[in-house]
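Here is what each chain is made of, one letter per residue.
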Amino acid sequence: MNIILLGPPGSGKGTQAQFLREHYGLMHLSTGDMLRHEVECETPLGQQVKNLMDSGQLVPDGLVIEMLSQYFDLPEYSVGIILDGFPRTTPQAIALDEMLERKGLDIDHVLEIQIDENLLVKRISGRFICVDCGAAYNEYFKIPVESGICDICGGRDFKRRVDDDTDKLRMRLRLYREQTHPIVPYYLGKGVLKTVDGAQDVEKVSKDISLIIEGREKP
Ligand code: AP5
């Protein structure tokens, strides 16, 4: 099963990707995580994209497509994938179709997580991440069970993302509206797009996603 998670910054794509990975054994491909890794490792790609990412702009299509296609050809990604943060533009959607076709694969579900933009400020400004395992927390909605200790790996170091401030969020939301949301009709036309209410609590969003991918949703 291959799934695309579509939604504005902070809508919960990464959170729900973690759920899908744990419950359905799918591989998680987050272009944001990959790019942040490139930046942290100061690779040539990382050096090229750092300023764009820090300021909340999109990385050029060619660079992202090239990076993702390297993962696509690895055998471990044949079990089924969750694409989180890709595609983000029409050229990326077309490139994805070509990558899938090369491997004889298809997208089974595109899940658009819809949410009022006003709710995203707390989601983004409150987010902090475990340095060791990348688990996401939120000072308003989800703090670790034991203060200062990651629930998943026991790590004690947390960090915030450079692009998680209100001004940059505004830019990221604008780019989502202008460049990413226009791919919705592309997937509607393919008959694979469903919407999910992302304003609900995490567990309810996960439940709705399960109903869709297991074909048990109410008509
Ligand atoms: P990326 O890493 O993809 O960031 P994003 O799309 O802006 O999304 P976020 O990671 O901010 O949010 P999310 O939807 O995953 O929410 P999360 O689950 O974390 O991209 C970053 C940058 O990389 C881009 O700006 C661009 O520069 C570059 N880039 C990446 N891909 C690219 C591409 N394809 N093309 C070009 N450039 C690209 O949740 C957020 C917070 O809310 C967390 O604290 C979480 O705990 C909390 N939360 C989640 N769900 C709920 C809920 N239901 N209720 C309450 N709190 C919740």
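Before reading on, note that the structure itself is shown above.
Residues numbered from 1 in each chain as written. Predicted model: local features only at pLDDT ≥ 70, side-chain atom pairs only at ≥ 80, totals over all residues. Heavy atoms only, no water.

Turning next to the site of the ligand. Lining the immediate environment of the ligand, one finds 34 residues, of which Thr 15, Gln 57, Arg 88, Arg 127 and Arg 172 sit closest. Here an oxygen atom of the ligand and a side-chain polar atom of Asn 138 are 3.0 Å apart. Contact with the protein chains covers 96% of the free accessible surface of the ligand, which is 1000 Å². Elements that contribute at least two residues to the shell around the ligand include exactly α1 (13-24), α2 (31-40), α6 (120-125) and β6 (136-138). At four residues, α2 tops the list of elements feeding residues into the shell around the ligand. (Near = heavy atom within 4 Å. Polar contact = N/O pair within 3.5 Å; in protein donor to acceptor, adjacent residues only side chain to side chain. Areas by Shrake-Rupley, 256 points an atom, 1.4 Å probe, with all protein chains shown as cover. Helix = DSSP H or I, 4+ residues; strand = E, 2+ residues; numbered from the N terminus.)

Considering all chains together, one arrives at 16 salt bridges under this definition. A salt bridge links Lys 50 to Asp 54; the nearest nitrogen and oxygen atoms lie 2.5 Å apart. Pair noted here: Lys 50 and Asp 54 are both in helix α3 (residues 44-54), with a separation of four residues, about one helical turn. On the basis of relative accessibility, which here comes to 38%, the residue Lys 50 falls in the partly exposed class. Glu 117 is the salt-bridge partner of Arg 177, the closest N and O atoms lying 2.9 Å from each other. Residue Arg 177 is located in helix α7 (residues 166-180), and its partner Glu 117 is located in the loop between β4 (109-114) and α6; the two are separated by 60 residues in the primary sequence. When its relative accessible area of 46% is taken as the criterion, Arg 177 is described as partly exposed. Among the residues examined, Glu 117 registers a relative accessible area of 30% and is labelled partly exposed. The network of salt bridges with shared partners includes Arg 127, Arg 161, Asp 163, Asp 164 and Arg 172. (Salt bridge = Lys/Arg side-chain N within 4 Å of Asp/Glu carboxyl O. Buried < 20%, exposed > 50% of the residue type's maximum accessible area, 1.4 Å probe, protein only.)

Two pairing modes exist for strands in a sheet, parallel and antiparallel, and in both the strands are linked by backbone hydrogen bonds. Across the sheet, five strands lie side by side as β2-β3-β1-β4-β8; this open sheet has parallel pairing. Looking at the sheet topology across the chains shown, the edges are occupied by β2 (27-30) and β8 (193-197). In this sheet, adjacent strand axes meet at a mean angle of 20 degrees when their direction is disregarded. Pairing between strand β1 (residues 3-6) and strand β3 (residues 81-84): three bridges, direction parallel. Across the sheet, residue Ile 3 finds its bridge partner in β3, namely Ile 82. Those strands touched by helix α9 (residues 202-213) are β1, β4 and β8, and its axis lies near 160 degrees from that of β8. (Pairing = 2+ DSSP bridges. Axes fitted to C-alpha atoms, helices over the stretch in contact; angles between N-to-C directions. Contact = heavy atoms within 4.5 Å.)

Turning our attention to the packing of aromatic side chains. Within this structure, the stated rule accounts for seven aromatic pairs. In textbook terms, an aromatic cluster arises when at least three aromatic residues are bridged by ring pairs, as seen for Phe 128, Tyr 137 and Phe 158. Here the guanidinium or amino end of Lys 142 rests over the ring plane of Tyr 137, the centre of that ring lying 5.0 Å away. (Phe/Tyr/Trp six-rings, centres within 6.5 Å; stacked < 30°, edge-to-face > 60°. Lys NZ or Arg CZ within 6 Å of the ring centre and 35° of its normal.)

As a further point, take the sheet that holds β6. If you walk across this open sheet you meet the three strands as β6-β5-β7, and the pairing is antiparallel. Each of the sheet's edge strands pairs with one partner strand only, and the pair in question is β6 and β7 (158-159). Sheet topology places strand β5 (residues 127-130) next to β6; three bridges connect them, and they run antiparallel. Bridging across to β6, Ile 129 finds its partner in Ala 136.

Below, the discussion takes up helix α5 (residues 90-102). Over its 13 residues, α5 runs 19 Å from end to end, which matches the ideal 18 Å to within 8%, given 1.5 Å per residue. Inspection of α5 places Gln 92, Ala 93, Ala 95, Leu 96, Asp 97, Met 99 and Leu 100 among the buried residues, and these make up the whole buried set. Buried residues in α5 make contact with β1, α4 (61-72), β3 and α8 (184-189). Of the residues flanking the end of α5, it is Gly 104, one or two places downstream, whose phi is positive at about 70 degrees. (Expected span 1.5 Å × (residues − 1).)

So, about empty space enclosed by the protein. One way to see where empty space is left: roll a probe the size of a water molecule over the atoms. Within this structure, the stated rule accounts for two cavities of 30 Å³ or more. Each pocket or cavity is described by its volume, and for the largest cavity that value is around 60 Å³. Going through the elements one at a time, β1 and α7 are the ones with two or more residues in the lining of the largest cavity. Taken together, the residues of the lining of the largest cavity break down into five nonpolar, three polar and two charged. Lining the second largest cavity are Asn 2, Phe 72, Tyr 77, Ile 81, Lys 103 and Leu 105. (1 Å grid on protein atoms, 1.4 Å probe; cavity = no way out; pocket = protein on both sides within 12 Å on 5 of 7 lines; lining within 4 Å. Points joined across faces, edges and corners; volume = space filled by probe spheres on them. Nonpolar A, V, L, I, M, F, W, Y, C, P; charged D, E, K, R; others polar.)

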